[in-house]
Amino acid sequence: YGVWYSQQERLLRLYPRDAVAEPSYVGWNTIRLHEIRVGDGDATLFAFDMYVSAERLPAMFDLGASVNVMNRQGARKLDVIVRKPDRQPDIYGVAGSTEVLSVIRIWQLQINRTRWRNKEFLVGEFPVFEMLDVSGDPMAIVGTDFFGHRDFIIDFPRRRLLIKSR
């Protein structure tokens, strides 16, 4: 199936797999998704690669996330010094609250051929990374707001994310 998220309507639609079967669509950018095995290998999540300068950072997509987060290992890979912010924000999720270790702003990052500017990530030891058994690996999770006002389609059968061009 395909999952279409409309930013304007804040609405999620499910489509049969053949509804998004074309190899490409005019006005949409394609981001390749790759599998990440989690836990004991029985579960698979889809991720994409973000590049900050020349550094590759795997990122998972979370439709329920309202912010972008990164683990400490991801920040280290990007040579970011993790310092506590002036204010002590906490993030609340299904696993409780987590202290934010740092707030970083990435001025430019690239996913495939698409460049994104001025994206904020909260850095912390978020329980979700441990629950997914990726806490020791550099990793980020992006929420729906990452894409700004662009609609997107997750095409699971073809392992791709389609993002509406501006």
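Conventions adopted
- Residues numbered from 1 in each chain as written.
- Predicted model: local features only at pLDDT ≥ 70, side-chain atom pairs only at ≥ 80, totals over all residues.
- Heavy atoms only, no water.
- Helix = DSSP H or I, 4+ residues; strand = E, 2+ residues; numbered from the N terminus.
- Buried < 20%, exposed > 50% of the residue type's maximum accessible area, 1.4 Å probe, protein only.
- Contact = heavy atoms within 4.5 Å.
- Areas by Shrake-Rupley, 256 points an atom, 1.4 Å probe, with all protein chains shown as cover.
- Pairing = 2+ DSSP bridges.
- pLDDT = per-residue confidence, 0-100.
- Phe/Tyr/Trp six-rings, centres within 6.5 Å; stacked < 30°, edge-to-face > 60°.
- Lys NZ or Arg CZ within 6 Å of the ring centre and 35° of its normal.
- Patch = residues over 30% accessible without salt bridge, like charges linked within 9 Å, V, L, I, M, F, W, Y side chains within 5 Å.
- Salt bridge = Lys/Arg side-chain N within 4 Å of Asp/Glu carboxyl O.
- Lys, Arg positive; Asp, Glu negative; His and termini not counted.
- Charge placed at Lys NZ, Arg CZ, Asp CG, Glu CD.
- Axes fitted to C-alpha atoms, helices over the stretch in contact; angles between N-to-C directions.

Student: It is not clear to me how the overall build of the protein chain should be interpreted in this structure. Could you clarify?
Tutor: From N to C terminus, the protein chain includes 2 helices and 14 strands. Out of the 166 residues in the protein chain, the part that is buried amounts to 41%. Excluding contacts between residues fewer than 6 apart, the proportion of contacts in the protein chain whose partners are at least 24 apart in sequence is 59%. Carbon and sulfur atoms provide 48% of the accessible area of the protein chain, an area that totals close to 9600 Å².

Student: So what exactly am I meant to see when it comes to the pairing of strand E11 (residues 114-123) here?
Tutor: Each regular strand displays side chains that alternate between the two surfaces of the sheet. In this sheet, E11 lies alongside strand E7 (residues 69-70) in parallel orientation, the contact comprising 2 bridges. If you follow Met 70 over to E11, its bridge partner there is Val 123. As judged from the 9 bridges shared by strand E10 (residues 102-111) and E11, these two strands associate in the antiparallel manner. Bridge pairing in E11 links Gln 108 to Arg 117.

Student: Looking at this structure, how should I read the confidence of the model for the protein chain?
Tutor: The predicted coordinates of low-pLDDT regions are not to be read in fine detail. The share of residues in the protein chain with pLDDT of 70 or more is 89%, and the mean pLDDT across the chain is 83. Between the elements of the protein chain, mean pLDDT differs from a low of 58, seen in strand E8 (residues 90-93), to a high of 93, seen in strand E12 (residues 140-142).

Student: Is there a simple way to think about the packing of aromatic side chains in this case?
Tutor: Any aromatic ring pair is given by two values, namely how distant the centres are and how the planes are angled relative to each other. Applying the stated criterion across every chain yields a total of 10 aromatic pairs. Consider the rings of Trp 116 and Phe 146, whose centres lie 5.2 Å apart with planes at 45 degrees: the pair is tilted. Placement of Trp 116 in strand E11 and of Phe 146 in the loop between E12 and strand E13 (152-155) is noted, with a sequence separation of 30 residues between them. There is no split in this pair, since Trp 116 and Phe 146 are both buried. An aromatic cluster is present here, built from Tyr 5, Phe 61, Trp 116, Phe 146, Phe 147 and Phe 152 joined pairwise through their rings. Here the guanidinium or amino end of Arg 13 rests over the ring plane of Trp 4, the centre of that ring lying 5.3 Å away.

Student: Could you clarify how one ought to interpret a negative patch on the surface in this entry?
Tutor: Taken together, the side chains of Asp 40, Asp 42, Glu 130, Asp 133 and Asp 137 define an acidic patch exposed on the protein surface. Within the element layout of this structure, Asp 42 appears in the loop between strand E4 (34-38) and strand E5 (43-52).

Student: Looking at this structure, I do not really get the side chain of Gln 7. What am I missing?
Tutor: One can find Gln 7 in the loop between strand E1 (2-6) and strand E2 (11-15). The exposure class of Gln 7 is buried, given its relative accessible area of 6%. Ignoring any residue separated from it by four or fewer positions in sequence, one finds Gln 7 in contact with Thr 144, Phe 147, Gly 148, His 149, Arg 150, Asp 151 and Phe 152.

Student: I keep staring at the sheet that holds E13 and nothing clicks. Help me out?
Tutor: Working definition: the strands of a sheet are paired by backbone hydrogen bonds and lie parallel or antiparallel to each other. Pairing in this open sheet of 5 strands is antiparallel, and the strands run E2-E1-E13-E14-E3 from one edge to the other. Every other strand in the sheet has two partners, leaving E2 and strand E3 (28-32) as the edge strands with one partner each. Averaged over all adjacent pairs, the angle separating strand axes in this sheet is 20 degrees, with direction ignored.

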